[in-house]
Amino acid sequence: MSTATYSIGIDLGTTNSALAFVALDDPSARVQLLDIPQHVTATSTEARPLLPSFTYLPPEDTGSTALVGLFARTQSADVPTRTIAAAKSWLCHTRVDRHQPILPWNAPADVHKRSPVEVSALYLRHLVAAWNQQFPDTPFAHQHVTLTVPASFDASARDLTREAAASAGFPGDFVLLEEPQAALYAWLAARGDTWRKDLRVGDLILVCDVGGGTTDLTLIAVREQDGDLELARLAVGNHILVGGDNMDLALAFTAQHLFKDKGHDLDPWQSVSLWHACRAAKESLLAADGPASHPVTILGRGSRVIGGAISVDLTRDQVQATLGDGFFPACALSDKPAKRPASGFKQLGLPYESDTAITRHLARFLSDHGDDGQPAARPPRLLFNGGVFKAAALKQRVRDSFRTWFGDDGVPAVLAGEEDLDFAVARGAAFYGQAKRQGGVRIRGGTARAYYIGIETAGLAVPGAPRPLHALCVVPHGMEEGTATSVPGEEIGLVVGEPVHFRFFSSATRTTDRPGDLLTRWADGELEETDPLEMSLAAAENAEGGYVPVTIETRITELGTLELWCASTVSAEKWKLEFSVREQE
Amino acid sequence: MSIGLAFSVFFKVLGNRDFAGRLTEWMARPAIPEPKAAAPKPDAPRRTEAIELLATLQREGRLVDFLQEKLDGYSDAQVGAAVRDIHRDCRATVQRLFGIEPLVAQAEGSTISLPATPDPGLWKLTGRVGQGSQGRLCHPGWKITRHDLPAWSGSDAAARVIAPADVEIT
């Protein structure tokens, strides 16, 4: 929009959200963070740069509405059944209906639950209100807004994020940006024009982004275009539901056992202090020149703060064992993350990774993206992102893995610069908006995945066996924003008068399939099923024999979401396919 | 005694007309004497920034609990273990709210030049005061760079509360 004064970048995180902004008309303007007013207790508010992505639902009779932010995070320990956490992880959980009020998961009946989309909108609306309060003359809806999503978010999760943003009062022309790309933009912003000297043509950059709830891996190539350096996003990893929160929880569990050995059983209230104390101990012990041990103290809950205090010593070896071996173990490049054992029970709650080893997920990711006959991608540059990497020893673990896999020469150089692990994504998003407007450096990439529609083959049905499934490529890997394509191939007959469903798949690894390619077989794990597409044609449409012949057209919007259309081959009519995010069998 | 007094008043009223008249007069007076002027009302409960600061330091660093607790009977190690946490949290809170920085950037112990007329709010001078404009910096002083206290939205009844009573519903 031409009236925009600022570029605004929003990091809607699993555990924390942030808003950064930069003036558009001043090329020398620096990216700033917005202080976000939020409840710190039931009766006090304070402005903080981070908005914890937690929602507290007070009992109906108190007359107060849902509260988000720091107070809600505190309440998550004190009143867990009325607190919503990790709503973002639910957005991409295809086994539940994300429009239904299901959160807090397993809350008692008297709690007025909310849907994952609604909760995401609550955080965004809070940020919009904070902006409008501080910048009444330049309302949010008229600014240039960039919202970040995990690179591993599929088309359906992106669409739900768009829906939440639209309902929160975002401008119609806002854009989505992948978080690891935003982290690299933050680095580019901090380096200024010197980044061209830091990188060489042919370089490959691995962005290793371990957030609170998810791990996001991305490969970005440095290329030459018309004599200038250009960045291109080559590949992104699968959605890995393990992050810093899991690590803090694991450490708290270790500490809890130490307390138990001393005869102290901790109650749930104390376990929050324990998280807090363990996080501080972790950062101290895993710092570059950290001590060998660090006390973890839980103060008494009553007013006797010293008399009620209990304390244990956490050693660096214990933390290394818990976090290093649990989340960053040494492994071979050919190792694959362990799969969840098959279970006959319906999965409840979030599908957390059964293998928490980030190094094994990394090995799989690199192996999936080998090029030029190499068994695996060998990035010479590495960018860390996420609060987890405040602990220097964990960065070292990642680099050690590269040494194991590729030898001493294969350890990537960490992109130097001032680290701002908590805010890099928001800052990078604001910088991206500015660069986009003013023609600065851009990372090209298009879609991170190729997409496929499932086609059930005709032919004899075998009793008890599902019909063989073929996959028709409708969106190639790397399809650019703002482009459309018509899928060649045979017409598909759309039945009128009843809802039509298409199973829908995506692949982060099949990078050469073209639209119209029909896959009859694929390797295990190559294709991931996501939410199906559905559409209903009114029976009144002029259909011969109850069906309309159509071809598929796909479009990647400027915003970065995917649209699929069925175009009639006998008339000029088109129908849009919508993601069905209802609970799936 | 009150029964004795009652009887003595009873017989005095019977035998002394004058006393009876005065007593009637006295008993007809208003029950509570009207004050000549309205007494100054106590301050309406008000949330001051000082209360909010105490509440914040208590909430985030347990400072009031610590100050209210008697240290007798605890070993230095026990006190030390608790204080480490209280210090960490109170320090982080104060830093966030006030952004405390040294007033003077120079190193402690170095020689410092004073302005022509040093503001006593900025400079505490000792020694041979008034004889020279240089001295040794004994303490660089502190200043705040921010002033961001939480805003209060509670009831009047809660205005003077530093920490609410903590009750777990069972």
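Residues numbered from 1 in each chain as written. Chains lettered and ligands numbered in written order. Predicted model: local features only at pLDDT ≥ 70, side-chain atom pairs only at ≥ 80, totals over all residues.

**Considering the overall build of chain A**
Okay, so step 1: The secondary structure content of chain A amounts to 12 helices and 29 strands.
Okay, so step 2: Computed over the C-alpha atoms, the radius of gyration of chain A is 25 Å, within 12% of the 25 Å expected from 2.2 N^0.38 for a compact globule of 585 residues.
Okay, so step 3: Seen through its principal axes, chain A has C-alpha atoms that stretch 85 × 65 × 60 Å.
Okay, so step 4: Within chain A, buried positions represent 46% of all 585 residues.
Okay, so step 5: Considering only contacts in chain A between residues 6 or more positions apart, those separated by 24 or more positions represent 70%. (Helix = DSSP H or I, 4+ residues; strand = E, 2+ residues; numbered from the N terminus. Rg over C-alpha atoms; globule rule 2.2 N^0.38 Å. Buried ≥ 20, exposed ≤ 12 C-beta atoms within 10 Å, placed from the backbone. Contact = placed C-beta atoms within 7 Å.)

**Structural notes on the sheet that holds strand β19 (residues 443-444) of chain A**
Across a sheet, paired strands are connected by hydrogen bonds in the backbone, their directions being either parallel or antiparallel.
Residue and element names in this part refer to chain A.
Okay, so step 1: Taken in spatial order, the six strands make up an open sheet running β18-β17-β12-β13-β14-β19, and their pairing is mixed. The sheet terminates laterally at β18 (413-414) and β19, the two strands that pair on one side only.
Okay, so step 2: Alignment of strand β12 (residues 204-210) against strand β17 (residues 381-385), held across five bridges, turns out to be parallel. Considered in β17, the bridge of Val 207 is made with Leu 383. (Pairing = 2+ DSSP bridges.)

**Remarks on the pairing of strand β2 (residues 16-23) of chain A**
All names here are of chain A.
Okay, so step 1: Among the eight residues in β2, seven count as buried, and that is most of the element.
Okay, so step 2: Here seven bridges tie strand β1 (residues 6-12) to β2, and the two strands are oriented antiparallel to one another. The residue of β2 that forms the bridge with Gly 9 is Ala 20.
Okay, so step 3: Connecting β1 to the antiparallel partner β2 that follows it, the hairpin turn spans three residues.
Okay, so step 4: When β2 meets strand β6 (residues 51-52), the two strands line up antiparallel, connected through two bridges. In the sheet register, Ser 17 faces β6, and the bridge partner there is Leu 51.

**As for the packing of helix α3 (residues 49-61) of chain B against helix α5 (residues 76-98) of chain B**
All names here are of chain B.
Okay, so step 1: With their axes 8 Å apart at the nearest point, α3 and α5 run at an angle of 135° to one another. Relative to α5, α3 is oriented oblique. Pair α3 / α5 crosses with right-handed handedness. Facing Thr 56, Leu 57, Glu 60 and Gly 61 of α3, the residues of α5 in contact are Ile 86, Asp 89, Cys 90 and Thr 93. (Axes fitted to C-alpha atoms, helices over the stretch in contact; angles between N-to-C directions. Parallel < 35°, antiparallel > 145°, perpendicular 65-115°, else oblique. Left-handed = near helix turned anticlockwise from the far one by under 90°.)

**Concerning the domain arrangement of chain A**
Residue and element names in this part refer to chain A.
Okay, so step 1: One can read the domain layout of chain A as domain 1 (6-177) and domain 2 (450-579).
Okay, so step 2: Taking only C-alpha atoms into account, the centre of domain 1 sits 33 Å from that of domain 2.
Okay, so step 3: For the side of domain 1 that touches domain 2, the elements supplying multiple residues, two or more each, are α4 (155-167) and β11 (175-178).
Okay, so step 4: Among the elements that line the side of domain 1 that touches domain 2, the one with the most residues is α4, at five residues.
Okay, so step 5: Taken together, the residues that form the side of domain 1 that touches domain 2 break down as four nonpolar, two polar and four charged. (Domains from an automatic or database assignment. Nonpolar A, V, L, I, M, F, W, Y, C, P; charged D, E, K, R; others polar.)

**So, the interface of chain A and chain B**
Okay, so step 1: Taken together, the 19 residues of chain A in the interface contact 22 residues of chain B.
Okay, so step 2: Only β5 (44-48), α8 (268-285) and β15 (293-298) of chain A provide two or more residues apiece to the side of chain A that touches chain B.
Okay, so step 3: In terms of residues, the side of chain A that touches chain B owes the most to one element, β5(A), which gives four residues.
Okay, so step 4: For the side of chain A that touches chain B, the residue count by class is nine nonpolar, eight polar and two charged.

**A look at the sheet that holds β5(A)**
Okay, so step 1: What the three strands build is an open sheet, ordered β4(A)-β5(A)-β5(B); its pairing is antiparallel. A strand with exactly one partner marks an edge of an open sheet, and here the two such strands are β4 (36-39) of chain A together with β5 (151-152) of chain B.
Okay, so step 2: Sheet topology places β4(A) next to β5(A); four bridges connect them, and they run antiparallel. Along β5(A), the bridge assignment pairs A:Ile36 with A:Arg48.

**A closer look at the confidence of the model for chain A**
Okay, so step 1: Per-residue pLDDT for chain A has a mean of 86; in total, 93% of the residues score no lower than 70.
Okay, so step 2: Counted against residues more than four places away or in other chains, residues 341-347 of chain A, with its pLDDT under 50, gives one contact. (pLDDT = per-residue confidence, 0-100.)

**Structural notes on the nonpolar core**
Residues and elements named next belong to chain A.
Okay, so step 1: Core analysis: the largest hydrophobic core is formed by 134 residues, its most contacted members being Leu 19 and Leu 184.
Okay, so step 2: Beyond its immediate stretch of four places on either side in the chain, Leu 184 contacts Ile 205, Val 207, Ile 220, Leu 383, Gly 428 and Ile 443.
Okay, so step 3: Core analysis: the next-biggest nonpolar cluster, separate from the first, contains 27 residues, Tyr 452, Ala 471, Leu 533 and Phe 579 among them. (Core = buried A, V, L, I, M, F, W, Y, C linked by C-beta atoms within 7 Å.)

**Comments concerning the environment of B:Gly99**
Residue and element names in this part refer to chain B.
Okay, so step 1: Tracing the sequence through the fold places Gly 99 in the loop between α5 and β1 (100-102).
Okay, so step 2: Through-space distance from the C-alpha of Gly 99 to that of Gly 127 is 31 Å; in sequence the pair is 28 residues apart.
Okay, so step 3: Not counting residues up to four positions away in its chain, the partners in contact with Gly 99 are Ile 144, Thr 145 and Arg 146.

**Points about unusual backbone geometry**
Okay, so step 1: With an omega dihedral of 0°, the bond running from A:Leu103 to A:Pro104 counts as a cis peptide bond.
Okay, so step 2: Position of A:Pro104 relative to the elements: it lies in the loop between α2 (87-91) and α3 (116-134).
Okay, so step 3: Unusually for a residue other than glycine, A:Ala86 sits at a positive phi of about 55°.
Okay, so step 4: Structurally, the position occupied by A:Ala86 is in the loop between β9 (83-85) and α2.
Okay, so step 5: Of note in this structure, B:Arg62 is not a glycine but carries a positive phi near 60°.
Okay, so step 6: You can see B:Arg62 is positioned in the loop between α3 and α4 (63-68).

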